[in-house]
Amino acid sequence: IMVTFVPYPRWSQSEAKRTAGKLIHHLPLLWTTMAEYYCEERPNVYHADQIYRDLERLSKLATTMDKYISSSWYECFGRRSWHHVRRILAELEKIINESYDRIFSTYS
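Residues numbered from 1 in each chain as written. Predicted model: local features only at pLDDT ≥ 70, side-chain atom pairs only at ≥ 80, totals over all residues. Heavy atoms only, no water.

Undergrad: What should I look at first to understand the packing of aromatic side chains in this one?
TA: Think of a pair of aromatic rings as described by two things: how far the centres are apart, and how the planes are tilted against each other in angle. Throughout the structure, instances matching the rule amount to 3 aromatic pairs. Seen in terms of ring centroids, Y37 and Y38 are 5.1 Å apart; in terms of plane orientation they differ by 75°. Their pairing is edge-to-face. For Y38, a relative accessible area of 44% gives the class partly exposed. Relative to Y107, the ring of Y37 lies with its centre 6.4 Å away and its plane at 55°, an arrangement referred to as tilted. Here the residue Y37 occupies a position in helix α1 (residues 12-39), and Y107 occupies one in helix α3 (residues 80-107), the gap between them amounting to 70 residues. Here Y37 falls in the buried class, since its relative accessible area comes to 17%. (Phe/Tyr/Trp six-rings, centres within 6.5 Å; stacked < 30°, edge-to-face > 60°. Buried < 20%, exposed > 50% of the residue type's maximum accessible area, 1.4 Å probe, protein only. Helix = DSSP H or I, 4+ residues; strand = E, 2+ residues; numbered from the N terminus.)

Set out below in structure tokens:
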């Protein structure tokens, strides 16, 4: 009977943390690839394709993280520390989305 009260992703806060770790690792690599692409004398097609694929991956991970953060509200159970982690992840997601927008507008 308790299963009916627990929302779909059961431990979405831990999944959001894992996704945030991937995004934090992935974002500087994307900036580095873009810097290399724009500093070359002749644009490398491989770097352009890599940037495009990395932007798609970043977008998917950010969307996934947003869903996990939304679902993690149910996991807090009024615990202040869990809610604090959830708020920090939400702020991190905003920063990642802003960075994605900057990269996308620079690339396109």
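Undergrad: It is not clear to me how α3 should be interpreted in this structure. Could you clarify?
TA: Every α-helix winds through 3.6 residues per turn, so residues three or four apart in the chain are directed the same way. The first and last C-alpha atoms of α3 sit 40 Å apart over 28 residues, in line with the 40 Å expected at 1.5 Å per residue. Next to the buried residues of α3 lie α1 and α2 (45-71). (Expected span 1.5 Å × (residues − 1). Contact = heavy atoms within 4.5 Å.)

Undergrad: Got a minute to help me understand the pattern of salt bridges in this structure?
TA: One side chain can pair with another of opposite charge once the charged atoms of both are near each other. By the definition in use, this model includes 4 salt bridges. Ionic pairing is found between D54 and R57, a salt bridge with its closest N-O pair at 3.1 Å. Note that D54 and R57 are positioned in helix α2 at a spacing of 3 residues, about one turn of the helix. For D54, a relative accessible area of 6% corresponds to the buried category. (Salt bridge = Lys/Arg side-chain N within 4 Å of Asp/Glu carboxyl O.)

Undergrad: For this particular structure, what's the right way to read the side chain of H47?
TA: Residue position: H47 is located in helix α2. Since its relative accessible area comes to 13%, H47 is described here as buried. Side chain to side chain, H47 and E40 meet in a polar contact 2.8 Å long. In contact with H47, other than residues within four places in its own chain, are T33, E36, Y37 and E40. (Polar contact = N/O pair within 3.5 Å; in protein donor to acceptor, adjacent residues only side chain to side chain.)

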